[in-house]
Amino acid sequence: MNRPVLIASAHVDESTYKPVSEILERNNYPVVEYQTDKVLSGEDEYIVDLTSDGELTMSYNGTSITPEDLSAAWYRKVGSFDLPYEEPKIAKRLYVNNEVRTLHGMTWSLYPEDIWLSSPNNLARADHKLGQMLVAREVGFSIPRTVISSDWDTIGEKLLSDEGARMVIKMLRGVISEHDQLKAVYTHITDRSAMEGLSSYTFPFPGTYQPYVPKSREWRVTAAGDNVFPAAIYTDESAKDDWRRHQTTAAVQFKKEVLPDGIAERCMLYLGKMSLRFGAFDFIETPDGDIVFLECNPNGQYGWLEEELGFPISESIAAELMKIAQARQHI
């Protein structure tokens, strides 16, 4: 019998990881689906026990998840969960999330790097946007100028000095609290006059600012293991700010198309430098055909691409986990 594969996540993301779990089970790899939200509710049991003699045991619902008892592991959005009870205060929800993140940063770091599809340490490093830009440029991608400043005049001078120039405003995390609810904050397009209006009542820092890049189409490129799955994204004028805002409307269309030469290879180079086995890349293709790197989410969503375009991304992730398990079978 093969040693179990750990999928560390939360029940709210089950629709994403469950297909991978089912593929592994069909291939005789038992799966332990660690679900943070069920641990918080008391529905599931999670125990870490470090004795005074230095002996470590970790278990989940009675199954050992101590590192040497596992064959491979996938850290899949462990912090993405809702509290298991009605909690109206956003501060408390954020507090619990932060405590859980700290706990997992401590416990999962005890696992060897080679057990993970992408290790928590590498995921955290790869999530930093400025670092992403530098690595993307290093492997040959075009990147937009990016400005972070505490002064509106500096931002305007660097990005809006040309007549008619526009820029985009991005939050660093992209989540805010409004009326005690968490909301995603999407990319916002602005120009000189709009920026002057903003400067009268808000501060520019923290935030990232980039020139607006004209779009003929965009790309969502999902790389898993040795496979690359490119989806071209076509938007009408109402969805040129951020296709995610309009994803479920007729303003956005996803199509299975062939990437321009060299892009897939650079994606794989990027993942290699970041020590990742999975990444969800976002690009803009300009009217001149230039491919501009925006970001790579090291743990991005992909389920809708499987449904709409038939990409076998789950199969690719499962295959990579089995490859890890086979490489570690004598450990």
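Use the structure listed above.
What you are looking at is a predicted structure, and each value in this text was computed from that prediction instead of being measured.

Caption draft 1: Layout of the side chain of Thr-286. Mapped onto the fold, Thr-286 is located in the loop between β15 (278–285) and β16 (291–297). With residues up to four places along the chain from it excluded, the contact list for Thr-286 reads Val-213, Pro-214, Ser-216 and Val-292.

Caption draft 2: Just the sheet that holds β16, in detail. Reading across from one edge, β14-β13-β12-β15-β16 is the order of the five strands in this open sheet, with antiparallel pairing throughout. Across the chains shown, the open sheet's two edge strands, defined by having one partner strand only, are β14 (252–256) and β16. When strand polarity is set aside, the average angle formed by the axes of neighbouring strands in this sheet is 25°. The sheet strands contacting helix α8 (residues 263–274) are β12 (217–224), β13 (227–235), β15 and β16, and the helix crosses β15 at an angle near 135°.

Caption draft 3: How the structure looks around the packing of helix α1 (residues 14–26) against helix α10 (residues 313–327). It is at 9 Å that the axes of α1 and α10 come closest, and there the two elements cross at 55°. Classified by the angle their axes make, α1 and α10 are oblique. Handedness of the crossing formed by α1 with α10: right-handed. Contact residues: Thr-16, Pro-19, Val-20, Ile-23 and Leu-24 in α1; Ser-314, Glu-315, Ile-317, Ala-318, Leu-321 and Met-322 in α10.

Caption draft 4: Seen up close, the environment of Met-133. Inspection of the secondary structure assignment puts Met-133 in helix α5 (residues 129–138). Counting along the chain gives 166 residues from Met-133 to Asn-299, while the straight-line C-alpha distance between them is 17 Å. Aside from chain neighbours lying at most four places away, what touches Met-133 is Ile-143, Pro-144, Thr-146, Gln-210, Phe-293 and Leu-294.

Caption draft 5: Layout of the pairing of strand β1 (residues 5–9). In terms of burial, β1 is largely enclosed, as five of its five residues are buried. Of the two faces of β1, the one lined by Val-5, Ile-7 and Ser-9 and the one lined by Leu-6 and Ala-8 are each fully buried. Note that β1 and strand β2 (residues 31–35) share five bridges and pair parallel. By the bridge assignment for β2, Ser-9 is matched with Gln-35. Following the backbone out of β1, through α1 and into the adjacent parallel β2, one traces a crossover that is right-handed. The pairing of β1 with strand β6 (residues 72–75) spans four bridges and is classified as parallel. Its bridge partner lying in β6, Ala-8 is registered against Tyr-75.

Caption draft 6: Looking closely at the pattern of salt bridges. Using the criterion set out here, one finds 13 salt bridges in the structure. One salt-bridge network, held together by shared partners, links Asp-226, Arg-277, Glu-320 and Lys-323.

Caption draft 7: Representation of the packing of aromatic side chains within the structure. Enumeration according to the criterion identifies 20 aromatic pairs in this entry. Seen in terms of ring centroids, Trp-108 and Trp-116 are 6.1 Å apart; in terms of plane orientation they differ by 85°. Their pairing is edge-to-face. Comparing Trp-108 with Trp-116 shows no difference in burial state: the two are buried. The interplanar angle of 55° and the centroid separation of 5.8 Å between the aromatic rings of Phe-278 and Tyr-302 together place this pair among those described as tilted. Placement of the pair is Phe-278 in strand β15 and Tyr-302 in the loop between β16 and α9 (303–309), with a sequence separation of 24 residues. Here Phe-278 matches Tyr-302 in class, with each residue buried. Following the ring pairs from residue to residue traces out a cluster consisting of Tyr-34, Tyr-46, Tyr-60, Tyr-75, Trp-108, Tyr-111 and Trp-116. Over the ring of Tyr-212 we find Arg-166; its NZ or CZ atom is 4.3 Å from the centre of that ring.

Caption draft 8: Structural context of the packing of α5 against α8. In the contact formed by α5 and α8, the axes pass within 9 Å of each other and the chain directions differ by 130°. As the angle between them shows, α5 and α8 are arranged oblique. Seen along the crossing, α5 lies across α8 with a hand that is right-handed. Across the interface between the two elements, Gly-131, Gln-132, Val-135, Ala-136 and Glu-138 from α5 touch Tyr-270, Lys-273 and Met-274 from α8. Tallied by class, the residues present in the contact of α5 with α8 amount to four nonpolar, two polar and two charged.

Conventions used here
Residues numbered from 1 in each chain as written. Predicted model: local features only at pLDDT ≥ 70, side-chain atom pairs only at ≥ 80, totals over all residues. Heavy atoms only, no water. Helix = DSSP H or I, 4+ residues; strand = E, 2+ residues; numbered from the N terminus. Contact = heavy atoms within 4.5 Å. Pairing = 2+ DSSP bridges. Axes fitted to C-alpha atoms, helices over the stretch in contact; angles between N-to-C directions. Parallel < 35°, antiparallel > 145°, perpendicular 65-115°, else oblique. Left-handed = near helix turned anticlockwise from the far one by under 90°. Buried < 20%, exposed > 50% of the residue type's maximum accessible area, 1.4 Å probe, protein only. Right-handed = clockwise from strand over helix to strand, strands pointing away. Salt bridge = Lys/Arg side-chain N within 4 Å of Asp/Glu carboxyl O. Phe/Tyr/Trp six-rings, centres within 6.5 Å; stacked < 30°, edge-to-face > 60°. Lys NZ or Arg CZ within 6 Å of the ring centre and 35° of its normal. Nonpolar A, V, L, I, M, F, W, Y, C, P; charged D, E, K, R; others polar.

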